[in-house]
Amino acid sequence: MKRWDVVIIGGGVIGLSLAWELRSRGASVLVVEKGALGREASWAAGGMLAWFDPHLPEAARGLARLSRRLYGDFVQGVEAASACDVDLRRLGAILLDEVLPGDFRDICRTITPFELEQLEPRLKPSSNGQSPSIQFWPEWSVDPRGLMTALIAACKTQGVDVVTGGSVSRIVVADGRAVGVATASAEFRGGAVVNCAGAWAAKIASGLKISPSPTRPVKGHMLSLKPSHEVLQHVVRAPDVYLIPRSDGRIVVGATVEEAGFATEVHPETIERLRAAAVRIVPELASASVQESWAGLRPGSPDGLPILGETDLPGYFVASGHFRDGILLAPGTASVMASVVQGDSVDEGLAALSPRRFA
Ligand SMILES: Cc1cc2nc3c(=O)[nH]c(=O)nc-3n(C[C@H](O)[C@H](O)[C@H](O)COP(=O)(O)OP(=O)(O)OC[C@H]3O[C@@H](n4cnc5c(N)ncnc54)[C@H](O)[C@@H]3O)c2cc1C
C-alpha cells in the first residue's frame with residue numbers, strides 16, 4: 001500500500017495551503033476531499049485580509065502578523081506555479097464607525113471627509129444623516145475563488161496527490177498512533193494525519209477517546225453586484241455591511257453571521273437586506289444588478305480561536321476553526337503547521353490554540 005508523509009483531510013484554503021507548504025519542504029502529501037476541492041467556506045469567502053481587525057482575538061494576532069509577512073510571497077509563489085491570478089489588491093480599507101485599534105495607531109489613521117471624497121467619491125457614509133468616524137487601514141484583499149483555483153493548480157503542479165469525492169469516516173490507528181484515514185471504500189496511509197475539514201472537523205475522529213475539536217458551522221450570506229461602471233476602489237466596512245471591490249468591477253457584499261447548522265440555502269430577504277445596506281452607503285449601487293448570491297459555512301470554535309496542533313493521539317493533528325479569517329490566516333497556518341507536523345519547534349503563540357485546550 002502506498003504511504004505518504006502526510007495525509008490531509010479537506011481541500012479548502014487551509015488544507016491546500018498546508019499541502020503546498022509541506023510539498024515545498026519536500027514531503028509527500030495526499031489530500032482527501034469529500035466533495036470537490038475548494039468549494040466550501042473558502043469559495044464562499046469575501047477575501048478581506050483584515051490583519052488589524054480589533055475583533056480578531058488577541059491569541060490569533062501572532063498568526064495574523066505571520067500571515068501578513070508571508071502573504072505577498074505566498075500569492076506570488078502560487079500564481080507563478082499555477083499561471084492563475086488571485087486578484088491581490090493592496091489598496092487598503094475604509095472603515096466607518098470602527099474603533100481605531102490601539103496597537104496600530106501609527107498604521108491605521110482617521111481621515112477627513114475631504115480625504116474620503118478624494119479616495120472614494122461615490123461612498124456616502126453620512127447618507128443616513130449622521131457623520132461617522134472614518135478611518136483608513138492598509139489592508140489587502142484577494143478573490144478567494146481565484147486563490148482556490150490557483151492553489152488547486154499549484155498543488156497539482158507541485159506533485160500533491162489528491163482524492164476527491166471521498167469522505168473520511170475514520171482515523172486509522174495502530175500501536176497508539178494515527179497511521180492513516182479511511183473512507184467508505186478505501187484506506188490511505190501516512191506518517192501524519194492533519195484534519196483540515198473546516199466546519200466539519202468535529203465530526204472526524206469523534207469515535208476516538210481523545211480531546212474533541214469542537215468546530216461548528218457559522219453561516220454567512222453574501223452577494224455580488226455588477227455595476228455598469230467602476231464605483232469603488234477600496235474595501236469598505238460599515239457596522240452592518242462590507243463591500244469588497246474586485247478588479248473586474250464586481251462588488252462583493254457581505255455578510256451575515258448565523259447559527260443555522262449545516263444548512264446553506266440562500267434566503268432572498270436576507271440578500272435584499274444586505275443589498276439595501278450597501279446601497280445606503282453607496283447610492284449608485286441601486287441600479288447595479290445582483291450577479292450572484294450564496295451562503296457558506298465558516299468553521300467556528302467555542303472561543304473564536306483557530307484549533308491548531310497535535311491532538312492527544314500521536315500523529316493526528318488539527319488545523320481548523322479559522323472562523324471569519326481563514327483566507328487571511330492561511331499562509332501563517334500553513335507555515336506553523338508544516339513545522340509542527342515535521343517536529344520543528346514553533347512559537348507564534350501556538351499553545352493557546354492547541355486542540356488539547358478542550359480536554
Ligand atoms: C460568507 C463568508 C465570508 C467570509 N469572508 C472572509 C474574509 O473576508 N476573509 C477571511 O480571511 N475569511 C473569510 N471567511 C472565512 C473563511 O472562508 C474560512 O475561515 C476558511 O475558508 C476556512 O477554510 P477551511 O479550509 O478550514 O474550510 P473549508 O473551505 O470549508 O474547507 C474544508 C474542506 O473539508 C472538506 N471536508 C469536510 N469533511 C470532510 C471529510 N469527512 N472528508 C474529506 N473532506 C472533508 C470539505 O468538503 C471542505 O472542502 C468567510 C467565510 C464565509 C462563509
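Here the structure is shown first, and the text comes after it.
Counting restarts for each chain: residues are numbered from 1 in the order of the written sequence. It should be noted that, the model being predicted, local features are given only for residues of pLDDT at least 70 and side-chain atom pairs only at 80 or more, the latter also being counted only at that level, while totals for whole chains, interfaces and linings use all residues. With hydrogens and water stripped out, all remaining heavy atoms of the structure feed into the side-chain values.

With respect to the site of the ligand
Line of reasoning, step 1. Residues in close proximity to the ligand total 39 residues, the closest being Glu33, Ser42, Val168, Arg324 and Leu328.
Line of reasoning, step 2. Between the ligand and the protein, one listed contact pairs an oxygen atom with a backbone N or O atom of isoleucine 14 at 3.1 Å.
Line of reasoning, step 3. We call two N or O atoms a polar contact when they sit within 3.5 Å, provided that within protein one can donate a hydrogen and the other can accept it, with sequence-adjacent residues counted only if both atoms are side-chain atoms. Take methionine 48: an N or O atom from its main chain is 2.9 Å from an oxygen atom of the ligand.
Line of reasoning, step 4. The Shrake-Rupley method, run with a 1.4 Å probe sphere, supplies the accessible areas, and residue values consider only the shown protein chains as cover. For the ligand, whose free accessible area comes to 1000 Å², the fraction covered by protein is 98%.
Line of reasoning, step 5. Strands are runs of DSSP state E lasting at least 2 residues, helices are runs of H or I lasting at least 4, and numbering of each runs from the N terminus. Ranked by residue count, the leading element in the shell around the ligand is strand S16 (residues 289-300), at four residues.
Line of reasoning, step 6. We call Asp, Glu, Lys and Arg charged. Ala, Val, Leu, Ile, Met, Phe, Trp, Tyr, Cys and Pro are nonpolar, and the rest, Gly among them, are polar. Looking at the shell around the ligand residue by residue, the class counts come to 20 nonpolar, 13 polar and six charged.
Line of reasoning, step 7. Each of domain 1 (3-85 + 144-214 + 302-358) and domain 2 (93-138 + 217-300) contributes no fewer than three residues to the shell around the ligand. Being near a molecule or strand, for a residue, means having at least one of its heavy atoms within 4 Å of it. Bear in mind that the domain bounds are from an automatic or database domain assignment.

Considerations on the sheet that holds strand S15 (residues 251-254)
Line of reasoning, step 1. The mixed open sheet is built from eight strands, whose spatial order is S5-S6-S4-S13-S14-S15-S12-S16. Edge positions in the sheet fall to strand S5 (109-110) and S16, since each of these pairs with one other strand and no more.
Line of reasoning, step 2. By the convention used here, strands pair only if DSSP detects at least 2 bridges between them. Of the pairings in the sheet, the one linking strand S12 (residues 216-226) to S16 comprises 11 bridges and is antiparallel in character. When the bridges of S16 are listed, histidine 221 appears paired with alanine 295.
Line of reasoning, step 3. Contacts between residues were defined by any pair of non-hydrogen atoms, one from each residue, lying within 4.5 Å. Axes, fitted as lines to C-alpha atoms, cover a helix only where it is in contact. Angles between the N-to-C directions of the axes lie from 0 to 180 degrees. Along the sheet, helix H6 (residues 268-281) contacts strand S4 (93-96), S12, strand S13 (235-238), strand S14 (241-245), S15 and S16; its crossing angle with S12, the most-contacted strand, is approximately 55 degrees.

A closer look at the packing of aromatic side chains
Line of reasoning, step 1. Only Phe, Tyr and Trp rings take part, Trp by its six-membered ring, and two of them pair if their centres are within 6.5 Å. Stacked means planes under 30 degrees apart, edge-to-face means over 60, and tilted covers everything else. Taken as a whole, this structure holds five aromatic pairs when the rule is applied.
Line of reasoning, step 2. Here tryptophan 51 and tyrosine 71 contribute two aromatic rings whose centre-to-centre distance is 6.0 Å and whose plane-to-plane angle is 65 degrees, an arrangement assigned as edge-to-face. You can see tryptophan 51 sitting in the loop between strand S3 (48-49) and helix H3 (61-82) and its partner tyrosine 71 sitting in helix H3, a full 20 residues away along the chain. The same class applies to tryptophan 51 and to tyrosine 71, which are both buried.
Line of reasoning, step 3. Centre to centre, the rings of tyrosine 71 and phenylalanine 74 are 5.5 Å apart; their planes meet at 90 degrees, and the pair counts as edge-to-face. Of the two residues, tyrosine 71 and phenylalanine 74 are both situated in helix H3; the distance of three residues between them amounts to about one turn of the helix.
Line of reasoning, step 4. Three or more aromatic residues joined by ring pairs make a cluster, and in this case those are Trp51, Tyr71, Phe74 and Trp140.
Line of reasoning, step 5. Definition used: whenever NZ (Lys) or CZ (Arg) falls within 6 Å of the ring centre and also within 35 degrees of the ring normal, the charge is taken to sit over that ring. In this structure, lysine 34 packs its charged tip against the face of tryptophan 200, placed 4.3 Å from the ring centre.
Line of reasoning, step 6. Here the basic side chain of arginine 39 rests over the ring of tryptophan 43, its NZ or CZ set 3.7 Å away from the ring centre. Throughout this description, buried means an accessible area under 20% of the type-specific maximum (1.4 Å probe, protein chains only), exposed means over 50%, and partly exposed covers the range between.

So, H3
Line of reasoning, step 1. Look at H3: 30 Å from first C-alpha to last across 22 residues, which is about the 32 Å you get at 1.5 Å a residue.
Line of reasoning, step 2. To get the bend at any residue, fit one axis to the seven residues that end at it and another to the seven that begin at it, then take the angle between the two axes. The largest bend in H3 comes to about 50 degrees, at leucine 70.
Line of reasoning, step 3. Where H3 is concerned, the buried positions are Arg61, Gly62, Leu63, Ala64, Leu66, Ser67, Tyr71, Gly72, Phe74, Val75, Val78 and Ser82.
Line of reasoning, step 4. Looking at the buried residues of H3, the elements they touch are helix H1 (13-24), S3, strand S7 (140-141), helix H5 (144-158), strand S17 (307-310) and helix H7 (326-341).
Line of reasoning, step 5. Two residues or fewer past H3, alanine 83 is found with a positive phi of approximately 60 degrees. Helices are assigned an expected span. That span is 1.5 Å times one less than the residue count.

Examining empty space enclosed by the protein
One way to see where empty space is left: roll a probe the size of a water molecule over the atoms.
Line of reasoning, step 1. Here a cavity means grid points, on a 1 Å grid over the protein atoms only, where a 1.4 Å probe fits yet cannot get out; a pocket means an open set of points with protein on both sides within 12 Å along at least five of seven lines; lining residues are those with an atom within 4 Å of a point. Grid points are joined across faces, edges and corners, and a volume is the space filled by probe spheres set on the points. Taken as a whole, this structure holds two cavities of 30 Å³ or more when the rule is applied.
Line of reasoning, step 2. By volume, the largest cavity is sized at about 60 Å³.
Line of reasoning, step 3. As for the largest cavity, its lining consists of Trp43, Ala45, Asp143, Pro144, Arg145, Ser224, Arg246, Arg250, Val252, Glu292 and Trp294.
Line of reasoning, step 4. Where the lining of the largest cavity is concerned, the elements lending two or more residues are H5 and S16.
Line of reasoning, step 5. Here the residues of the lining of the largest cavity sort into five nonpolar, one polar and five charged.
Line of reasoning, step 6. Residue contributions to the lining of the largest cavity reach at least three from each of two domains, namely domain 1 (3-85 + 144-214 + 302-358) and domain 2 (93-138 + 217-300).
Line of reasoning, step 7. Each pocket or cavity is described by its volume, and for the second largest cavity that value is around 40 Å³.
Line of reasoning, step 8. Around the second largest cavity, the lining residues are Arg89, Leu91, Gly92, Glu139, Trp140, Ser141, Gln233, His234 and Val235.
Line of reasoning, step 9. Among the residues forming the lining of the second largest cavity, the class breakdown is three nonpolar, four polar and two charged.

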